[in-house]
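# Topology and contacts: notes
As a plain string of letters, each chain reads:
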Amino acid sequence: MSMTMTQKILAAHAGQREVHAGELVMARLDLVLGNDITTPVAIGEFRKFGRDKVFDREKIALVPDHFTPNKDIKAAEQCACMRSFAKEQGIVNYFEVGHDCGIEHALLPEKGLVTAGDLVIGADSHTCTYGALGAFATGVGSTDMAAGMAAGETWFRVPSAIRIELTGSPRHHVGGKDLILHLIGLIGVDGARYMSLEFAGPGVASLSMDDRFAVANMAIEAGAKNGIFPVDGKALDYLAEHGAKPPEVYSADGGAEYERTISIDLSSLKPTVAFPHLPSNTRTIDEVGDIPIDQVVIGSCTNGRISDMRVAAEVFRGRKVAPGVRAIVIPATQRIWLQALEEGLLKVFAEAGCVVSTPTCGPCLGGHMGILAKGERCVATTNRNFVGRMGHVESEIYLASPAVAAASAVAGRIAAPNDEQ
Amino acid sequence: MTGTTFKYADNVDTDVIIPARYLNTPDARELAVHCMEDIDPSFAKRVRPGDIIVAGRNFGCGSSREHAPISIKACGVSCVIAASFARIFYRNALNIGLPILECPEAASAIAAGDRVSVDLGTGEIADDTTGRRFKAEPFPPFMQELIKAGGLAEYLRRAK
C-alpha cells in the first residue's frame with residue numbers, strides 16, 4: 001500500500017510495515033517537549049500515573065520560554081516547579097534562561113535535538129515546526145505530555161494528507177510566512193483539520209530552512225496535525241551543521257493518496273497580511289488599504305530566526321521607526337541574539353528606534369514585553385491574531401513577514417517592504 | 001445530564017476560552033473564574049453546574065493549553081457539543097474527562113438558553129425546550145469509562 005511521508009514515519013515508529021489513514025497506532029516517541037506553561041500541569045498528571053522516573057531522561061526537553069524571564073511571582077513559581085522536576089529526574093535537555101536557551105521551536109532544531117524521521121510530541125501547538133526537518137512532530141496537551149514522559153510511547157490516529165505542490169521561487173521580500181498565510185487564506189483555519197500538510201514539488205528547493213520552519217510552524221493554524229517537508233540537501237546540511245543524530249529519510253510513495261492537492265507557484269506570491277481576528281483572514285499587501293499602527297513585534301517561534309533578523313535589519317538600516325510606533329525585536333534564541341549582535345543587526349535595530357529584547361515568547365501570547373491597550377493595532381511576525389491574543393480584547397493583530405513588519409514600523413502604517421524607500 | 005446552554009459561533013479558540021494572562025497558574029479553580037472571559041465576560045458568573053456549551057466548527061482551535069478544557073470543566077460545564085472540534089482540544093478534553101460530543105445538527109439547531117439533556121452512553125441529545133432530538137456518535141465504552149474516571153491519568157491508575 002502506498003503511504004504519505006507522515007504515514008511512513010508513523011508506521012516505522014509503530015513497528016508496522018504499513019498504516020492507513022484513520023487507523024489507531026501506538027508509536028514510539030523520540031522526543032517529548034514541554035514549556036513553563038504546559039509542564040507544571042504535566043508534572044501533576046505524571047505524578048498521578050504512579051511512575052517514579054521518566055522513560056528516558058535524554059528524550060525529554062523542558063524549555064522555560066513563555067513567561068520568561070519570569071514576568072511575575074506565579075510565573076516564577078511555574079518555572080521553579082519545572083526546574084526542580086528537571087533536576088529530580090536528571091533531565092538532560094533542560095535549558096535555563098540565558099544559558100543557551102530560547103524559544104523552544106527555534107531552540108530544539110538549533111541544538112540538533114530533532115532529526116529527519118523522528119517522531120516528536122510537544123505540549124505546545126507549534127511543535128509542528130520540526131516538520132521542516134522531515135520529522136513527524138505534533139502538538140499535544142499536558143496529559144499527553146505526561147503520558148509520553150512516563151511511557152515513551154503514545155497513540156495516534158493516522159492522518160490523511162493534503163499535498164501542497166510548490167513550483168517557482170519567491171520574489172525578493174517574499175518568504176515562508178507569505179506562503180503559509182496564503183495557504184491558510186485558501187483553505188481556512190480548519191481546512192486541514194486532523195490532516196497532514198505535505199509540502200512537495202520543485203519549489204521546495206527555493207525555500208531556506210528558516211522559511212520552511214515558518215511554514216511548518218503555522219500548519220496548526222490550518223488545523224493540521226502536522227506539516228512536513230521532504231528532506232533535501234539543504235535539510236541534510238542543516239542537520240549536519242547542528243549536530244543532529246543521523247537522519248532517517250522518508251519520502252512519500254508515488255502512489256500515495258491525498259485528500260486534495262493544491263498547487264502554488266511561489267513566484268506569484270505577494271507579501272501577505274492576516275487581518276484580525278483569524279490567520280485565514282488574509283489580504284495581499286496591495287489590498288490592505290491605510291491601516292495606521294501603534295506597535296510592531298518581530299520575533300516568535302515563527303519568525304525570530306537569524307534570516308528573519310537579517311531581513312528586518314535590511315529594511316531598518318539607515319531608517320527610523322515612525323514617531324508614535326513601538327517596534328519590539330526579539331531574537332528567538334540566545335545564539336541568534338548573539339549572532340545578530342556579531343553581525344551588527346542589533347545596532348541597526350537600536351539606531352532605528354527599536355527595542356531589542358532577550359529571547360521570550362512574551363508578547364505573542366499576551367504574556368509580557370509588549371501588551372496592547374484597548375484599540376491599539378500591532379503588526380506582528382507571530383502566528384495568531386485571535387481576539388485578545390496580545391492584550392486587550394479590543395486590540396488588533398495583523399500577521400505578516402519580518403519584511404512587512406519592519407516596513408510598517410518605518411511607515412507607521414501597514415506597508416510593503418519597498419514603500420518606505 | 002441536563003443543563004442550560006451557552007451558545008457560541010465557529011472557531012472558538014483556546015485564547016478566548018482561557019486567556020494566556022491567566023496561564024501563570026495550573027490551579028483549576030483559579031482558571032475557572034476566567035473561563036470564556038474574552039468572548040463572554042459574564043460566562044463564569046452565570047454558568048451553573050451541569051450547564052452545556054454549544055458551538056460551531058473547530059471549537060478549541062489554537063494553543064495546546066490543557067487549561068482550556070480544565071477551566072470549562074472546573075466551571076461545572078457537563079458537556080460541550082460542537083459541529084467539530086480542533087484536534088488538540090479534542091484529545092485534551094477526553095484526557096481530562098470533560099465530556100464532548102460532535103454533532104453538527106444539534107450545534108446548529110440548539111439555541112442559547114435552551115434546556116438540553118445529553119446521554120453520553122447513547123450519544124442522544126434532546127432539546128427539552130423545543131422538543132427536538134439529535135444523535136451524536138457515542139464514544140466506545142473504554143472512552144466513556146475514561147471520561148467517567150476523570151481523565152487518562154486516573155483511568156490508567158485505576159486500571160493498574
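Residues numbered from 1 in each chain as written. Chains lettered and ligands numbered in written order. Predicted model: local features only at pLDDT ≥ 70, side-chain atom pairs only at ≥ 80, totals over all residues. Heavy atoms only, no water.

## Some points on the overall build of chain A
The test is simple: Under the scheme used here, helices are H or I runs from DSSP no shorter than 4 residues and strands are E runs no shorter than 2 residues, and both carry numbers assigned from the N terminus. Using a 1.4 Å probe on the protein chains alone, a residue whose accessible area is under 20% of its type maximum counts as buried, one over 50% counts as exposed, and one in between counts as partly exposed. All accessibility values rest on the Shrake-Rupley procedure with a 1.4 Å probe; residue burial counts only the protein chains present in the view.
From N to C terminus, chain A includes 13 helices and 18 strands. When its C-alpha atoms are laid out on the principal axes, chain A stretches across 60 × 50 × 40 Å. Burial status across chain A gives 64% buried among its 421 residues. In the structure as shown, chain A presents an accessible area of about 13,900 Å², 50% of it carried by carbon and sulfur atoms.

## Examining the interface of chain B and chain A
The line we're drawing: Whether two residues are in contact is decided by their heavy atoms, any of which lying within 4.5 Å being enough. In short, buried area is how much 1.4 Å probe accessible area vanishes from two parts on joining, totalled over both. Salt bridges are counted wherever a side-chain nitrogen of Lys or Arg sits within 4 Å of a carboxyl oxygen of Asp or Glu.
The interface of chain B with chain A comprises 38 residues on the first partner and 44 residues on the second. For the pairing of chain B and chain A, the buried interface totals around 3,300 Å² over both sides, and the portion due to carbon and sulfur atoms is 52%. Sorting the residues of chain B by area buried against chain A places N24(B), R87(B) and R91(B) first, and these three jointly supply 24% of that buried surface. At the boundary of chain B and chain A, one finds four salt bridges.

## Here's the deal with the sheet that holds strand 3 (residues 79–82) of chain B
Residue and element names in this part refer to chain B. Put simply, the test is: Only strands that DSSP links by at least two bridges are regarded as paired with each other. Here, axes are lines fitted to C-alpha atoms. For helices the fit covers the stretch in contact, and angles between N-to-C directions go from 0 to 180 degrees.
Here we have seven strands laid out as an open sheet, ordered 4-3-2-1-5-6-7, and mixed in their pairing. Of all the strands in the sheet, just strand 4 (100–102) and strand 7 (133–135) have a single pairing partner and so form its edges. Across the sheet, the mean angle separating the axes of adjacent strands is 30° when strand polarity is ignored. Across three bridges, strand 1 (residues 2–7) lies against strand 5 (residues 115–119) in antiparallel orientation. Across the sheet, the residue bridging to T2 is S117, located in strand 5.

## Description of the sheet that holds strand 5 (residues 119–122) of chain A
All names here are of chain A. Taken in spatial order, the five strands make up an open sheet running 4-3-2-5-6, and their pairing is parallel. Each edge of the open sheet is held by one strand with a lone partner, namely strand 4 (93–94) and strand 6 (136–139). Bridge count between strand 2 (residues 31–35) and strand 3 (residues 60–63): four bridges; the pairing is parallel. Looking at the pairing, L33 lines up with A61 of strand 3. Those strands touched by helix 5 (residues 142–151) are strand 2, strand 3 and strand 5, and its axis lies near 135° from that of strand 2.

## Looking at the domain arrangement of chain A
All names here are of chain A. As a reminder, the rule being used: Boundaries of every domain are those given by an automatic assignment or by a domain database.
Split by domain assignment, chain A resolves into domain 1 (5–265) and domain 2 (272–411). One C-alpha centre belongs to domain 1, the other to domain 2; they are set 24 Å apart. Listed by partner, the interface residues are 38 residues for domain 1 and 39 residues for domain 2. Taken over both partners, the interface formed by domain 1 and domain 2 buries close to 3,000 Å², and the fraction arising from carbon and sulfur atoms is 58%. Linking domain 1 with domain 2 are two salt bridges. For R335, the salt bridge is made with E110, and the minimal N-O distance between the two is 3.7 Å. If you list the elements that add at least two residues to the side of domain 1 that touches domain 2, you get helix 4 (104–110), helix 6 (176–187) and helix 7 (209–217).

## Side note on the packing of aromatic side chains
The geometry of an aromatic ring pair is captured by the separation of the ring centres together with the interplanar angle, meaning the angle of the planes. The following threshold applies: Only the six-membered ring of Trp is used, alongside the rings of Phe and Tyr, when aromatic pairs are assigned; centres must lie within 6.5 Å, and planes under 30 degrees apart are stacked while those over 60 apart are edge-to-face, with the rest tilted.
Enumeration according to the criterion identifies 13 aromatic pairs over all chains in this entry. Seen in terms of ring centroids, F213(A) and Y238(A) are 5.4 Å apart; in terms of plane orientation they differ by 65°. Their pairing is edge-to-face. Here F213(A), found in helix 7, pairs with Y238(A), found in helix 8 (residues 233–241); they are 25 residues apart in sequence, far enough to count as distant. Pair check on accessibility: F213(A) and Y238(A) agree, each one buried. Their ring planes at 85° and their centres at 6.1 Å tell us that F59(B) and F85(B) sit as a pair that is edge-to-face. Note that F59(B) is positioned in the loop between strand 2 (52–55) and helix 4 (67–74) and F85(B) in the loop between strand 3 and helix 5 (87–96), a separation of 26 residues in sequence. Across the pair, F85(B) and F59(B) agree in class, each one buried.

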